[in-house]
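Structural overview for review
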Amino acid sequence: MGKPTGFIEYLRELPLDRSPLERTKDWKEFHVHMEDKKLRNQGARCMNCGVPFCHTGKLVSGMASGCPINNLIPEWNDLVYRGLWKEALDRLHKTNNFPEFTGRVCPAPCEGSCVLGINNPAVTIKNIEAAITDRGWEEGWVFADQPKVRTGKKVAVIGSGPAGLSCAEQLNKAGHTVTVFERADRPGGLLMYGIPNMKLDKKEVVLRRIKLMEDSGIKFICNATVGDNVEPQIFLKEYDATVFCTGATQPRDLPIEGRNLKGVHFAMELLTANTKAVLNGGAEHCPIHAKDKDVIVIGGGDTGTDCVGTSMRHGCKSIVQIEILPKPPLERTADNPWPEWPKTYKMDYGQEEAAAKFGADPRVYLTTVKKFNGDLAGNLQSIVTVEIKWEKNEKGQFIPKEQAGTEKVRPAQLVLLAMGFLGPEQALIKEIGLETDTRSNIKAEHENYTTSIKGVFAAGDCRRGQSLVVWAINEGRGAARECDRYLMGSTDLP
Amino acid sequence: MSVKLVSEVGVGTIAAGVAKAHADVVLISGYDGGTGSSPQTSITHAGLPWELGLAETHQTLVLNNLRSRIAVETDGQLKTGRDVIMAALLGAEEFGFATAPLVASGCIMMRVCHLNTCPVGVASQDPRLRARFAGKPEHIVNFMTFVATEVRELMAQLGFRTVEEMVGRTDRLEAQRAVTHWKAKGLDFSKILYSPDVGPEVGRFCSIKQDHGLDKSLDLTTLLGLAQPAIDRGEKVIAELPIKNVNRVVGTITSYEITKKLGAKGLPEDTIRFRFKGSAGQSFGAFVTRGMTLSIEGDANDYFGKGLSGGKLIVHPPANAGFKAEDNIIIGNVALYGATAGEIYVNGRAGERFAVRNSGVTAVVEGVGDHGCEYMTGGRVVVLGPTGRNFAAGMSGGIAYVLDQTGKFAEQANVSMVGLEKVESKAEIAELRAIIEHHVGYTGSARGKQVLAAFETFVPQFVKVFPKDYKRMLGCIEKAESQGLTGEEAIMAAFEENARDLSRVGGN
């Protein structure tokens, strides 16, 4: 801790994002860098707590509290305060393979559990992380590193999302020969096609990292759909170990009247197609397009926000985001104390953009959809929503109860379903014969990652269910460690 | 009277001594407590778990039939009702909690108690941080109620009705067999769980009050009676009495009665005057309040004027003494420890650690041993003779004037927190002279007379020991007062200014 009184002297300050009306004209990142001096002051706000929580990474009341990959946050905050950027980057890389991803897309459970957050705005941990890593890339401190010795063991990683990438990088560091299989045309999984470009730049950030990994000796095979053009049994035969990092890609559907109308899509259909179009020449070629349409996004989470941001950039006529839960409070409530994840009202980039253009936050709360109305040609025309109230049933569970008379018809030519994911796709799991748990995830213990088949490991959302990028990195690293232990008898991986 | 002992091997023997010395409570303190400002080494490498020290203490006290007259307390990260039950079964009937209630009231264990930057305002003087303190007494009440509830539940399970019944009942404890760690294999709990084989006549918990022998004290046998007219009606009282070194803590109970009746303001100066002849025992004049003047023709033992609270103490040798007063030690070590107000005049030298932690007494003495004025924070000390080494170590307030005739004082002083200056201002010279005049007036000091006789020539030989922080603080107060602030406001403004001063040497 460079400055014991930093938290008293400096206020929390974040860089201003690009203005909403300007940034919706392109697909570039909306995040802007902060000047050195200000960053150092923000680093000085860290209190080097006697009992810190920011790096703990525990589930408290079912939500992440503290960094799931145990980033050494107080240490690099101090190094930033002292202007030792290279040392800060080294400290950051100790625990985090991809700080340039988490520094952009992580919801920052570290800040939720920051001790300063008890009675003051938390330290800007996420922004400092992004600043350290971006600085490192600019200065050329991040480079490809081939392992000095190869073990001769071959490992297959299925899926190139954050879990697969971190797993592959760790295994490669340990000297194993790693091949990553990806069914999409570009590697990165949700980092590539799930998160839109304005939040995480594909060419400048994601592919930059993939290139570095390739230069370190990791092989990526794209357009490789296991069970389709790749024989599933080759993993058991040709590789010494296999790690499943296939994600939880099964979206939750809304099987109500009119679901099959043209214009009702899963969020991922839009986001994937859009990023592909942006990378291949222009968003105007995106097959699902929101231009001049009344768009309704169902689901108030991050994916929903990404749909809002994408629709805004397409030039939608209007936008509504429907959330079944009540509007969160502005401050923590008594049943949501520090260091729990703060369930408070936040305005994310998508809502900010919608508000700037249309004058109001597009979210409506305590609302659900009853039916989709279409025209004779089968095109979506409008949806019927109804307000709900959460009531306890006889078992004491909260269930949504529709409020009669609150039905409302809303015009809509495009509906995006962003209601979360149910679990991994089952076909491959069945084909290989992996056991699953009650939630249809691959059965394997956290911190152990071994599945029902010897030599096969599972990590990330396919084991845990849908979750944060940072949990995926935690699992990818952990699975690499266990895989290395399995292959070599012992392991030095963290 | 409570004596705190570190839980260590052999603590039982010490506790037995403590019990024989009439302490009411012995506290066995475990190793893993400590404030947030303690050094890491103290937190992690000092002492043993309270369980070990407590078991040893209880067994030793029972074996020597001392347990029935002393209460045994234990502390060191007690947090739950189960901890209390364990402590009782191992031999304690009193239990100390600190960390847990502190946390209940908002402490987040930042371990910066010494930096004035406590972010929840528990351990800070900074008004901005203190405003953040969100604790309420109810939080601690709530916590302790939970602890007590758990204690009651566990007592019910064990079949005990009172805490006394539980004390030392190690037969109700058994080692946890479920601990399978390999390190647990070699553990032998039989020594901890041993219960001394003594008859029913030997008490196993505190049941007899300690006899402190207060009724035999000089105060209760003589002084209080003599002083009664002064306490009741404010009449002047003068008495001459013999004193011996078995008379300890003389004047304290009388002073207590005065304070009880009249509060801290005490009586008008010199209302009660006791003149003793002989050798005074330890702690002569301890905590004596305003209005009491105690003088000795003879000498005094250690702890002279300990915690002096406004009274006046005078010591001088008999007129027919065959030695030079200024060359001989007349009062023992650790005089004026923690004294807050009053005056003392010593016609002779004092032992070591004179005026340590003095915060307001004006004292004249004719020489001191090592460590004089250590950690002093206020008051005036005039030394008309030589000092030992390490003078003024950690001294952060008050002023000492040392008559340095050999020019060697600078070698003896510890100047890490003080500056050595000359006495120059007229007002200060006059003040110093007045103090010495009082000294001569009360004791007839030959040394004092000699200094006064040629005062102008002696003034340049006085070294003014002036703490650096204190000096700056006085400057800040003066500045604040010149800006129109008064009293407490001026002091707070100076405090705030000083707290952020990087040249500050103390309090960090």
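All values reported here derive from a predicted model rather than from experimental measurement.

This next bit is on the overall build of chain A. Looking only at helices and strands, one finds 18 helices and 18 strands in chain A. Principal-axis analysis of the C-alpha atoms gives chain A an extent of 70 × 60 × 55 Å. Sequence separation of 24 or more characterises 67% of the internal contacts of chain A that already satisfy a separation of 6 or more. Accessible surface computed for chain A: about 21,300 Å², of which carbon and sulfur atoms make up 52%. Positive and negative side-chain charges in chain A, numbering 64 and 63 respectively, have mean positions lying 1 Å apart.

What follows is about the sheet that holds strand S3 (residues 154-158) of chain A. All names here are of chain A. Taken together, the five strands give an open sheet; going across it, the order is S5-S4-S3-S6-S18, and neighbouring strands pair in parallel fashion. Of all the strands in the sheet, the pair left with one neighbour each is strand S5 (219-221) and strand S18 (456-458). The mean inter-strand angle of the sheet, taken between neighbouring strand axes irrespective of direction, is 20 degrees. One ladder, built from three bridges, connects strand S6 (residues 241-244) with S18; its direction is parallel. Bridge pairing in S18 links Thr242 to Val456. In the packing of helix H9 (residues 162-173) onto the sheet, the strands contacted are S3, strand S4 (177-181), S5 and S6, and the crossing angle to S3 comes to about 170 degrees. Contacting S3, S6 and S18, helix H18 (residues 469-488) runs over the sheet at an angle of about 165 degrees to S6.

Quick look at the pairing of strand S8 (residues 309-316) of chain B now. Residues and elements named next belong to chain B. For S8, the tally of buried residues reaches seven of eight residues, placing the bulk of the element in the interior. In this structure, strand S7 (residues 292-300) lies alongside S8, joined through five bridges in parallel fashion. Within S8, the residue paired with Ser295 across the bridge is Ile314. Sheet analysis places S8 next to strand S10 (residues 341-346), joined by five bridges and oriented parallel. In the sheet register, Lys312 faces S10, and the bridge partner there is Glu343.

Residue and element names in this part refer to chain B. Between helix H15 (residues 468-482) and helix H16 (residues 487-499), whose axes approach to 8 Å, the crossing angle comes to 130 degrees. When the axis of H15 is compared with that of H16, the two are oblique. The crossing of H15 and H16 is right-handed. Facing H15, whose interface residues are Asp469, Arg472, Met473, Cys476, Ile477, Lys479, Ala480 and Glu481, H16 presents Ala490, Ile491, Ala493, Ala494, Phe495, Glu497 and Asn498.

Here we take up the state of the cysteines. Taken as a whole and judged by the stated rule, the model has zero disulfides over all chains. The thiol of Cys113 of chain B is unpaired, and the distance to the nearest cysteine sulfur, on Cys107 of chain B, comes to 6.6 Å.

What follows is about the interface of chain B and chain A. In this assembly, 12 residues from chain B lie in contact with 13 residues from chain A. Summing both partners gives a buried area of about 1,000 Å² for chain B against chain A, and 70% of it is carried by carbon and sulfur. Put simply, chain B and chain A have zero salt bridges between them. On the surface where chain B and chain A come into contact, there are three residue pairs in polar contact (both at pLDDT 80 or more). Looking at the side of chain B that touches chain A residue by residue, the classes come out as seven nonpolar, one polar and four charged.

Attention now goes to the domain arrangement of chain B. Here the domain parsing of chain B yields domain 1 (2-180) and domain 2 (215-470). The gap between the C-alpha centroids of domain 1 of chain B and domain 2 of chain B is 39 Å.

Let us look at the sheet that holds strand S3 (residues 71-75) of chain B. Residues and elements named next belong to chain B. Pairing in this open sheet of four strands is parallel, and the strands run S1-S2-S3-S4 from one edge to the other. Single-partner strands in this sheet number two, and they are strand S1 (2-6) and strand S4 (94-95). Relative to S3, strand S2 (residues 25-29) runs parallel, the two being bridged by five bridges. Bridge pairing in S3 links Val26 to Val72. The strands touched by helix H1 (residues 11-20) within the sheet are S1 and S2, with S1 carrying the most contacts at an inclination of about 170 degrees.

Turning our eyes to something else, we now look at the pattern of salt bridges. Residue and element names in this part refer to chain A. Summed over the entire model, instances satisfying the criterion amount to 47 salt bridges over all chains. Across the salt bridge formed by Arg23 and Glu352, the nearest N and O atoms sit 2.9 Å from each other. Remark: Glu352 occurs in helix H15 (residues 349-358) and Arg23 occurs in helix H2 (residues 20-23); sequence separation between them is 329 residues. On the basis of relative accessible area, Arg23 is assigned to the buried category, the value being 1%. Glu352 gets classed as partly exposed once you look at its relative accessible area, which sits at 32%. Close ionic contact of Glu482 with Arg485 constitutes a salt bridge, the shortest N to O distance being 3.1 Å. Here Glu482 and its partner Arg485 are both found in helix H18, three residues apart, which amounts to about one turn of the helix.

Conventions adopted
Residues numbered from 1 in each chain as written. Chains lettered and ligands numbered in written order. Predicted model: local features only at pLDDT ≥ 70, side-chain atom pairs only at ≥ 80, totals over all residues. Heavy atoms only, no water. Helix = DSSP H or I, 4+ residues; strand = E, 2+ residues; numbered from the N terminus. Contact = heavy atoms within 4.5 Å. Areas by Shrake-Rupley, 256 points an atom, 1.4 Å probe, with all protein chains shown as cover. Lys, Arg positive; Asp, Glu negative; His and termini not counted. Charge placed at Lys NZ, Arg CZ, Asp CG, Glu CD. Pairing = 2+ DSSP bridges. Axes fitted to C-alpha atoms, helices over the stretch in contact; angles between N-to-C directions. Buried < 20%, exposed > 50% of the residue type's maximum accessible area, 1.4 Å probe, protein only. Parallel < 35°, antiparallel > 145°, perpendicular 65-115°, else oblique. Left-handed = near helix turned anticlockwise from the far one by under 90°. Disulfide = S-S within 2.5 Å. Buried area = accessible area lost by both parts, 1.4 Å probe. Salt bridge = Lys/Arg side-chain N within 4 Å of Asp/Glu carboxyl O. Polar contact = N/O pair within 3.5 Å; in protein donor to acceptor, adjacent residues only side chain to side chain. Nonpolar A, V, L, I, M, F, W, Y, C, P; charged D, E, K, R; others polar. Domains from an automatic or database assignment.

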